[in-house]
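Residue-level structure breakdown
Chain by chain, the residues run as shown.
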Amino acid sequence: MLEAACNGRGTCGKCRVRLLQAKTPVTDDERRFLSAEETGQGYRLACRVQIYGDMKVQVPDSGYAQIQVPDSGDMQKQAPDDGSARMQVPDSSDTCKQEPDGGQNSLRESTEYCIAADLGSTTLAAVLLDASGKSVAQASSVNSQRAYGADVISRIQASNEGKQKQLQECICRDMEQLFGTLFKALDGSGRVTRIAIAANTVMLHLLRGYSCEKLGQAPFEPVSLELESLDYAQLFAGPAPLLGCRVYLLPGMSAFLGADITAGLYSSGFWQMPEGETAFFADLGTNGELVYGSRDGFVSASAPAGPAFEGGSLSCGMPGMPGAVSNVSYLYHRVRVQTVGQKKPCGICGTGALEAVSALLKEGLLNAEGLLAPELSASGMLLAKREDGTAIRLTQADIREIQMAKAAVRAGIEILQRKYREISGRPVSEGPQRVYLAGGFGYYLSAQTAAAIGLFPPEWTDRVISCGNTSLKGAAAFLTDPACAGELERIRARGRNIWLENEPDFPDIYVQNMRFSDM
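Here is a short report on the structure shown in this document. What you see is a predicted model, and the numbers here were worked out from it, not measured in a lab.

**Quick notes on the nonpolar core**
- In terms of nonpolar packing, the biggest core is built from 79 residues, with Phe 179, Ile 197, Leu 207 and Phe 236 touching the most fellow members.
- Top element by residues in this core is helix α3 (residues 152-184). It accounts for eleven residues.
- The residues touching Ile 197, leaving out its near neighbours within four places in the chain, are Ala 117, Leu 119, Met 175, Phe 179, Leu 204, Leu 207, Phe 236, Val 247, Tyr 248, Leu 249 and Leu 250.

**Re the pattern of salt bridges**
- In total, this model carries 20 salt bridges according to the counting rule given.
- Here Arg 44 and Glu 30 are joined by a salt bridge, their closest N and O atoms 2.8 Å apart. Of this pair, Arg 44 sits in strand β2 (residues 43-45) while Glu 30 sits in helix α1 (residues 28-33), placing them 14 residues apart in sequence. Here the two residues Arg 44 and Glu 30 agree in accessibility, since each one is buried.

**Description of the environment of Lys 134**
- Looking at the secondary structure, you find Lys 134 in the loop between β6 (123-129) and β7 (135-142).
- We classify Lys 134 as partly exposed; its relative accessible area is 44%.

**Here's the deal with the packing of aromatic side chains**
- Taken as a whole, this structure holds 13 aromatic pairs when the rule is applied.
- Measuring from centroid to centroid gives 5.1 Å for Tyr 232 and Phe 236, while their planes differ by 45°, and the two rings are tilted. Pair check on accessibility: Tyr 232 and Phe 236 agree, each one buried.
- Judged by centre distance (6.1 Å) and plane angle (20°), the ring pair of Phe 456 and Trp 460 falls under stacked. No difference in accessibility class separates Phe 456 from Trp 460, as the two residues are buried.
- Each member of the aromatic cluster is reached from another via a ring pair, and the members are Phe 280, Tyr 292, Tyr 420, Phe 456 and Trp 460.

**A short note on the sheet that holds strand β21 (residues 495-497)**
- Spatial ordering of the open sheet is given by β20-β19-β11-β12-β13-β21, a layout of six strands whose pairing is mixed. In this open sheet, the two strands that pair with only one neighbour each are β20 (464-468) and β21. Between one strand axis and the next, the sheet turns through 20° on average, direction left out of account.
- Helix-sheet contacts for helix α5 (residues 259-268) involve β11 (279-284), β12 (288-294), β13 (297-303), β19 (434-438) and β20, and the interaxial angle to β11 is about 130°.

Conventions used here
- Residues numbered from 1 in each chain as written.
- Predicted model: local features only at pLDDT ≥ 70, side-chain atom pairs only at ≥ 80, totals over all residues.
- Heavy atoms only, no water.
- Core = buried A, V, L, I, M, F, W, Y, C linked by side-chain atoms within 4.5 Å.
- Buried < 20%, exposed > 50% of the residue type's maximum accessible area, 1.4 Å probe, protein only.
- Helix = DSSP H or I, 4+ residues; strand = E, 2+ residues; numbered from the N terminus.
- Contact = heavy atoms within 4.5 Å.
- Salt bridge = Lys/Arg side-chain N within 4 Å of Asp/Glu carboxyl O.
- Phe/Tyr/Trp six-rings, centres within 6.5 Å; stacked < 30°, edge-to-face > 60°.
- Pairing = 2+ DSSP bridges.
- Axes fitted to C-alpha atoms, helices over the stretch in contact; angles between N-to-C directions.

Shown next, in the form of structure tokens:
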């Protein structure tokens, strides 16, 4: 599988391969991303190569499905302090009683298991749970729909251009392999009876094979936002031992605030905030989903951040998978990096890029306008080298992508604060009591770095809680917490979505927030 953030248009430079046999002319697009030395060694962009005959091509290893046994075996460890969102084992009632099936879904038998899954635009994650709600095994992989573009807008366009069936087959195959990987951990000792999937609205449409035509244009009307219950065979072909189990697609709120956010609000702690207190929730992935308010009511928006936070639009960007540079610092004027999983560097994820920006600002090598020092302006900041010797850099163009993404998020925060004040009548000048950062981006990003580059106000720093994959945790809660299904519906009913592009002052606030904080 190749990365293709630009959907094969030759503008992202991500689909790098090496031609071992065969020579074809190097295009101008390739010269923009590859040095003369690299093209001399056979490195090319797959989408630009013209095929005139047989050739031998070396494709980078994507590290497809990685399985791990969690240290604590407990999906509950990041529950809120008051324990109100902690997952429980159903007693006499079935968690999914809205879809009775003669008791087949009960987890009271020790040989029965269920799978919670987060279907992300960039990465997929799933966890196998036993009857007590304990995590038995976890697996993750890259969403191979990335071959059709890094962001959901590219996927919508691809679907509307006649590739709907290919996109559905692609994600179904990915999910089947992920489920099969988890099922192997049982070694034939049990059966999976239920699967719950949380995802953004576009990904669920692509999974179901729904038309994305109305998702791509105003007023952005989804085919469905409701909870769906299906037989496994209605979506997937295998593995055979999973045939017969129920698959639940969790409910969403709007075209661009999907089931991943509904699930995230429930599992992060946002929905369990004490009465009278406000909170801010952000899931910064290929979109910037933002929520401000309380369990009594909230306003939400999807900030047009683009794929920078997940590495999609960065020159050496990649998802937060093993080998991605996730932490960057300067020590004695030398760059120090850490990678996800302590693996050999193979790219940089969004958090690593923000850490690099923060380090550059502290060293005086980047000014508040986002301009690199003269000695770095041409080649960018060298972070590390891949195993094949090629450089991993943060370029001036990458920094512009980060600026635009963080400006969109900060502008969204300011508008949501104002809207919440207007709707609720509450003063919000002091900000929220808690700030929940969700997803892999939030997990690896330090609050100090986020404040240093101006992603959110500096006074919020000590209120930040990194929640991890709240979409996955919400899917797990749906399977193990009897109250979850009803609470998800209450969450949907108490939100008000704001379209930032319809706010007349959004462009001005956006431009004002393009600057980085002065260090």
